[in-house]
Amino acid sequence: MGYKFDTLSIHGGFEPDEKGASLPPIYQSTSFIFKDPDHAARIFNLEEEGFIYTRINNPTADVLEKRMTLLDGGVGAVATSSGMAAITTTMLSLLGEGDEILSSSALYGGTITLFSLTLANLGINVKYVDADDPENFKKALTPQTKVIYLETIGNPKLNIPDFERVVEIAHSVPIPVVVDNTVATPYLFKPIEWGVDIVVYSLTKYLSGHATSVGGLIVDSGNFPWKEGGFKQFTEPDSGYHGIIFSEKFGRAAFIARTRLQTLRDLGGSISPFNAFLILMGIETLSLRMEKHSKNALKVAEFLASHPAVANVNYPGLDSSHYKKLAGKYLPKGQSGLIGFELKRGYEAGKKFISSVNLLNHLANIGDARSLVIHPASTTHQQLSREERLKAGVTDGFIRLSVGIEDVDDIINDIKQALEAI
Ligand SMILES: *Cc1c(COP(=O)(O)O)cnc(C)c1O
């Protein structure tokens with residue numbers, strides 16, 4: 001399909017069937033009837049594409065996967081039950097005991113505990129570096145490093161890495177670069193155009209856009225040379241599939257094919273057809289929403305920066321931001337809806353601010369049409385050690401806003417009265 005982004009958001013990956021429904025039907029069915037025993041055997045033997053069982057694939061999830069593949073410019077995608085399932089499935093598809101993840105230290109809290117605790121218990125180690133200087137990745141490489149991991153707009157520090165340089169460092173080894181593009185979405189940033197190999201999403205946030213459904217997704221660029229990288233699971237006979245070689249059978253889509261047929265099949269973190277449908281409805285308005293989130297957030301950030309109760313404001317679109325230049329290079333259409341700011345009076349002021357807002361919802365989510373607010377030190381980042389918390393950019397008086405698409409005057413007025421209350 002040669003259509004542009006806004007058209008693909010609505011039509012991509014979907015062909016109406018003979019019944020003529022104009023929206024993708026919800027195939028709320030666990031399993032799919034085979035035509036005859038030979039048909040079944042061919043599907044199980046990967047000689048023919050077809051639906052077997054919703055843990056592995058499903059026609060509604062298939063539309064979502066195809067649409068996101070088109071929006072991101074990849075060769076294939078796998079939808080998962082959550083963003084965390086997308087990250088876990090990707091990592092367990094790529095890595096094994098003794099392998100090392102080299103990651104930016106500014107990450108979503110759940111990703112830090114996945115890497116530092118759950119994967120570490122399986123013998124997969126993680127090394128964190130400050131992504132503000134891309135050369136830190138080069139200095140930290142070891143023979144065990146198998147992947148570099150970044151977030152587009154790091155949650156909650158709202159940092160933007162220099163993707164081009166980090167990709168160059170990774171590909172000189174070569175190892176793949178995985179980027180969590182949840183906060184930017186493919187409307188504001190397309191990691192694959194900058195050389196990133198695998199993109200992961202929490203669809204729960206801006207892609208769904210209305211806080212109805214938890215979901216995740218993995219997109220494969222199809223560009224990584226698995227053989228040179230020594231990833232034998234994609235290039236040598238696989239015992240999980242009676243000796244097939246994924247790179248021979250699926251070519252450039254070897255990673256995403258094996259991630260579905262083996263890793264997702266075994267781990268089981270697949271998306272529900274109903275959630276896939278709701279997320280598809282969200283994607284139809286993705287560009288409109290991301291434009292408005294970005295415009296509103298810039299105005300709110302400018303207001304906060306001028307307020308005497310505020311010590312500092314992180315928003316990559318602000319002229320004062322350390323990331324303004326990188327934002328201009330990688331996110332010229334807008335910098336999404338997240339703002340971090342620090343209250344001068346610390347922890348207690350943070351809690352007082354939260355209890356004083358009326359319009360803003362106090363909850364642990366981002367990327368909703370509604371404006372949201374949270375005090376990370378007492379909530380999302382509470383499980384981390386103080387050192388890990390500060391490394392992630394979460395100080396005592398730090399507040400995170402997810403600016404919604406309401407009228408920006410109402411959002412600013414609510415914040416203003418809450419700042420006055422402290
Ligand atoms: C929310 C989030 C995740 C986890 O996604 P879930 O859908 O909640 O599992 C991962 N990365 C980022 C950047 C997120 O915001």
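Keep in mind that this is a model prediction, so the values were computed, not measured. (Residues numbered from 1 in each chain as written. Predicted model: local features only at pLDDT ≥ 70, side-chain atom pairs only at ≥ 80, totals over all residues. Heavy atoms only, no water.)

Here's the deal with the environment of Leu 8
Our working definition: Secondary structure counts use DSSP, requiring at least four H or I residues in a row for a helix and at least two E residues in a row for a strand, with both numbered from the N terminus.
Take Leu 8: it is sitting in helix H1 (residues 5-11). Taking C-alpha positions, Leu 8 is 27 Å from Leu 326, a pair spaced 318 residues apart along the chain.

So, the site of the ligand
Stated precisely, the cut-off is as follows: Working definition: residue near molecule or strand if any one of its non-hydrogen atoms lies within 4 Å of it. In protein, a polar contact requires one atom able to donate a hydrogen and another able to accept it; more generally it is a pair of N or O atoms within 3.5 Å, and residues adjacent in sequence count only if both atoms are side-chain atoms. Only the protein chains shown count as covering a residue, and every accessible area follows the Shrake-Rupley method with a 1.4 Å probe. Under the scheme applied here, ten amino acids are nonpolar (Ala, Val, Leu, Ile, Met, Phe, Trp, Tyr, Cys and Pro), four are charged (Asp, Glu, Lys and Arg), and all others, including Gly, are polar.
Neighbouring the ligand are 13 residues, the closest being Gly 83, Asp 180, Ser 202, Thr 204 and Lys 205. Within the backbone of Gly 83, one N or O atom sits 2.8 Å away from an oxygen atom of the ligand. Between the ligand and the protein, one listed contact pairs an oxygen atom with a side-chain N or O atom of Ser 202 at 2.8 Å. Within the complex, 92% of the 370 Å² of free accessible area of the ligand lies under protein. Of the residues assigned to the shell around the ligand, the class counts are four nonpolar, seven polar and two charged.

Thoughts on the sheet that holds strand S9 (residues 338-343)
To be explicit about the condition: Strands are labelled as partners when DSSP assigns at least two bridges between them. Contact between two residues is taken to exist if any of their heavy atoms lie within 4.5 Å; hydrogens are not considered. The axes are straight lines fitted to the C-alpha atoms, using for helices just the contacting stretch, and the angles between their N-to-C directions are given from 0 to 180°.
Taken in spatial order, the five strands make up an open sheet running S8-S9-S12-S11-S10, and their pairing is mixed. Each having just a single partner strand, strand S8 (310-314) and strand S10 (361-362) make up the two edges of the open sheet. Two elements, S10 and strand S11 (residues 372-374), share two bridges in a ladder whose sense is parallel. Across the sheet, the residue bridging to His 362 is Val 373, located in S11. In this fold helix H13 (residues 286-305) packs onto S8, S9 and strand S12 (398-402), with an angle of close to 10 degrees to the strand it touches most, S9.

Points about the pattern of salt bridges
Convention followed: One side-chain nitrogen of Lys or Arg within 4 Å of one carboxyl oxygen of Asp or Glu is enough to make a salt bridge. Per-residue accessibility, obtained with a 1.4 Å probe over protein chains only, is compared with the maximum for each type, and a residue is labelled buried under 20%, exposed over 50%, and partly exposed between these values.
According to the stated counting rule, one finds 15 salt bridges in the structure shown. A salt bridge links Asp 99 to Lys 146, with the shortest nitrogen-to-oxygen separation between them at 3.7 Å. Separated by 47 residues along the polypeptide, Asp 99 in the loop between helix H4 (83-94) and strand S2 (100-104) and Lys 146 in strand S4 (residues 145-151) bring together distant segments of the chain. In this structure, Asp 99 and Lys 146 share a single accessibility class: buried. Note that Asp 368 and Arg 370 form a salt bridge whose closest N and O atoms lie 3.1 Å from each other. Connected through salt bridges with shared partners, the residues Glu 135, Arg 165 and Glu 168 form a single ionic network.

Here we look at the pairing of strand S6 (residues 198-202)
The buried fraction of S6 is high, at five of five residues. As defined by bridge partners, strand S5 (residues 177-180) adjoins S6 across three bridges and the pair is classed as parallel. Its bridge partner lying in S6, Asp 180 is registered against Val 200. Here S6 pairs with strand S7 (residues 216-220) via five bridges, running antiparallel. In the strand pairing of S7, Ser 202 is matched with Gly 216.

Focus: the nonpolar core
Counted only if it meets this: Grouping buried Ala, Val, Leu, Ile, Met, Phe, Trp, Tyr and Cys residues that are joined through side-chain atoms within 4.5 Å yields what is termed a nonpolar core. Residue ranges assigned to each domain were obtained from an automatic or database domain assignment.
Judged by nonpolar contacts, the single largest core of 54 residues is most densely connected at Leu 64, Met 68, Ile 148, Leu 203 and Leu 217. In terms of residues, this core owes the most to one element, helix H3 (residues 59-72), which gives five residues. Mapping this core onto the domain boundaries places at least three of its residues in each of domain 1 (5-282) and domain 2 (288-421). For Leu 217, the contacting residues outside a window of four places in its chain are Leu 64, Glu 65, Met 68, Ala 77, Val 78, Ala 79, Thr 80, Ala 86, Val 199, Val 200, Tyr 201 and Leu 203.

Some words on empty space enclosed by the protein
Cut-off, in case you're wondering: Cavities and pockets were defined on a 1 Å grid built from protein atoms only: a cavity is a group of points that admits a 1.4 Å probe but offers it no way out, a pocket is an open group of points flanked by protein on both sides within 12 Å along at least five of seven lines, and a lining residue is one with an atom within 4 Å of any such point. Grid points are joined across faces, edges and corners, and a volume is the space filled by probe spheres set on the points.
A complete count under the given rule lists two cavities of 30 Å³ or more for this structure. Taken as a whole, the largest cavity spans an internal volume of roughly 40 Å³. As for the largest cavity, its lining consists of Thr 54, Arg 55, Ile 56, Asn 57, Asn 58, Ala 61, Glu 65, Ala 79, Arg 260, Leu 264, Ser 270 and Ile 271. For the lining of the largest cavity, the secondary-structure elements that each account for two or more residues are H3 and helix H11 (254-267). As a volume, the second largest cavity reaches approximately 30 Å³. Forming the boundary of the second largest cavity are Ser 104, Ser 105, Ala 106, Asp 130, Ala 131, Asp 132, Lys 157 and Asn 159. Residue composition of the lining of the second largest cavity, grouped by class: two nonpolar, three polar and three charged.

Re the pairing of S12
S12 sits mainly inside the fold: five of its five residues count as buried. The two faces of S12 match: Phe 398, Arg 400 and Ser 402 on one face and Ile 399 and Leu 401 on the other face are all buried. Sheet topology places S9 next to S12; five bridges connect them, and they run antiparallel. Residue pairing across strands places Ile 339 opposite Leu 401, the latter belonging to S12.

Digging into the layout of surface pockets
Gaps left between atoms are located by rolling a probe of water-molecule size over the structure's atoms. Estimated volume of the largest pocket: approximately 740 Å³. For the largest pocket, the lining is made up of 25 residues, of which Glu 49, Asn 57, Asp 62, Phe 250 and Arg 260 are closest to its centre. Mapped onto the lining of the largest pocket, the elements with two or more residues apiece are H3, strand S1 (76-80), helix H10 (246-250) and H11. Looking at the lining of the largest pocket residue by residue, the classes come out as 13 nonpolar, four polar and eight charged.

Regarding the side chain of Thr 259
Topologically, Thr 259 is positioned in helix H11. Apart from the residues lying within four places of it in its own chain, the contact partners of Thr 259 are Thr 89, Ser 93, Ile 218 and Leu 264.

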